[in-house]
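# Commentary on secondary and tertiary structure
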Amino acid sequence: MRVSGAAMISVNEFEKKQLVFVFINAGEKLSFSNDNIVVKDKEGKIKHQSTCYRIFALFVVGNFTITSSVISRARKFCFPILLMTGSLKIIGAFGFQAEGNTLLRSVQYAYEGLDIAKRITENKIRNQRIMLGHQRPKSDALKEAISFLKQYESKIQATESINELMGIEGVAAKIYFAQHFNNCLWPGRKPRAKLDYVNVTLDIGYNLLFNYIESMLRLYGFDVYVGVLHQRFYMRKSLVCDLVEPFRPLIDGKVRKAISLGQCKEEDFECRNGTYYLHGEKNKDYILFLLEPILDNKRDIFLYIQSYYRAFVRESAIENYPFYEMS
């Protein structure tokens, strides 16, 4: 892995942090004791315990009651609590910090350039091309797709508008996905439509990545609703949408591998009225394998966000912005 370019929290401190997922069943309770998060079963026995000093983000899956003491503890230790339904949909978030970085936000609100958006898009297409290059053996169709992605990557710097840039990204994505998921029946990428098990699995993985990167952006005090590639739109966290782009192929690669290994299969889902839902008992399994590429690359993701913050707040030249290149 390589992150070019290289504050709030040091790399050494970050590497000691953990993503904590807590699955709450009926009758179980979440509380804090002596600066530890504790989950007790309905008999009052401890089933999970983590020190707050090591938590980077806490994900709670299932129904539970949140109290002011829980939120204040999250603020004290500067980690977010993200509440998720049993189907892994985010329903709320609490405890983010550093929202008073007015210097950073003034730069965000004034920025009107296209260079950063171009760099992010080029980075994404480069990693899509690298991901396709991992396949063995290579069919003629796959070789052609890799060649096309290289051509589209080379066109990015000549674009003159966001719409033109997004058009290139969209065509490149269509070519990429058609070959990346050539190991299964692939209907095409349909975000959030839940029309097949592969797209639902991708959505779960992308949501985990999205929330992970949002947690880091909020540590620096970014207004996550103000992007540079995805434009402002009511209630859309456009900056998070921007900065997940170079890392999406990590999730893509894991889903393809999981399909090949039988970790991800249609039988794990229920189809109701044409909509696919992951069976509840499979939630832990899917979260575990989809978290792997995020955790394996957490240092690179951290350095990318840190470098992006430093370059952006200093209004640096574009070559000083990070570029995450997969190996």
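A few points on the structure. (Residues numbered from 1 in each chain as written. Predicted model: local features only at pLDDT ≥ 70, side-chain atom pairs only at ≥ 80, totals over all residues. Heavy atoms only, no water.)

### Observations concerning the packing of helix α7 (residues 197-220) against helix α9 (residues 248-261)
- Contact geometry for α7 and α9: axes closest at 10 Å, N-to-C directions at 140 degrees. Comparing their axes, α9 and α7 come out oblique. Considering only the axes of α7 and α9, their crossing is right-handed. Seen from α7, the contacting residues are Y197, V198, T201, L202, G205, Y206 and L209; seen from α9, they are R248, I251, D252, V255 and I259.
- Grouping the amino acids of the contact of α7 with α9 by side-chain chemistry returns eight nonpolar, two polar and two charged. (Axes fitted to C-alpha atoms, helices over the stretch in contact; angles between N-to-C directions. Helix = DSSP H or I, 4+ residues; strand = E, 2+ residues; numbered from the N terminus. Parallel < 35°, antiparallel > 145°, perpendicular 65-115°, else oblique. Left-handed = near helix turned anticlockwise from the far one by under 90°. Contact = heavy atoms within 4.5 Å. Nonpolar A, V, L, I, M, F, W, Y, C, P; charged D, E, K, R; others polar.)

### Regarding the packing of aromatic side chains
- Tallying each qualifying case throughout the model produces 21 aromatic pairs.
- An aromatic cluster of at least three residues, connected via ring pairs, comprises Y111, Y220, F222, Y308, Y309, F312 and Y321.
- One Lys or Arg, K298, reaches over the ring of F14 and ends 5.7 Å from the middle of that ring. (Phe/Tyr/Trp six-rings, centres within 6.5 Å; stacked < 30°, edge-to-face > 60°. Lys NZ or Arg CZ within 6 Å of the ring centre and 35° of its normal.)

### Comments concerning the pattern of salt bridges
- The full count for this structure, using the stated rule, is 18 salt bridges.
- The partner of E153 in a salt bridge is R129, with the nearest N and O atoms 3.1 Å apart. One end of the pair, E153, is in helix α5 (residues 140-155); the other, R129, is in helix α4 (residues 115-133), with 24 residues separating them in the sequence.
- Linking K254 and E292 is a salt bridge whose minimum nitrogen-to-oxygen distance equals 2.6 Å. Here K254 is found in helix α9, whereas its partner E292 is found in helix α10 (residues 283-296), with 38 residues between them in sequence.
- The network of salt bridges with common partners includes E122, R126, R129, E153 and E325. (Salt bridge = Lys/Arg side-chain N within 4 Å of Asp/Glu carboxyl O.)

### Comments concerning the environment of S215
- With respect to the secondary-structure elements, S215 resides in helix α7.
- We classify S215 as buried; its relative accessible area is 2%. (Buried < 20%, exposed > 50% of the residue type's maximum accessible area, 1.4 Å probe, protein only.)

### Examining the side chain of T159
- Relative to the helices and strands, T159 resides in the loop between α5 and α6 (162-180).
- With relative accessibility at 3%, the residue T159 sits in the buried group.
- Excluding residues that lie within four positions of it along the chain, T159 makes contacts with L114, K118, E164, L165 and I168.

### Section: the pairing of strand β2 (residues 18-23)
- Counting buried positions over the six residues of β2 gives five, a clear majority of the element.
- As judged from the six bridges shared by β2 and strand β6 (residues 55-61), these two strands associate in the parallel manner. If you follow V20 over to β6, its bridge partner there is L58. (Pairing = 2+ DSSP bridges.)

### Regarding the sheet that holds strand β8 (residues 90-94)
- Taking strand neighbours across the sheet as the criterion, the four strands line up as β2-β6-β7-β8 in an open arrangement whose pairing is mixed. Here the strands that pair on one side only, and so sit at the sheet edges, are β2 and β8. Strand-to-strand, the axes of this sheet are offset by a mean angle of 20 degrees, without reference to chain direction.

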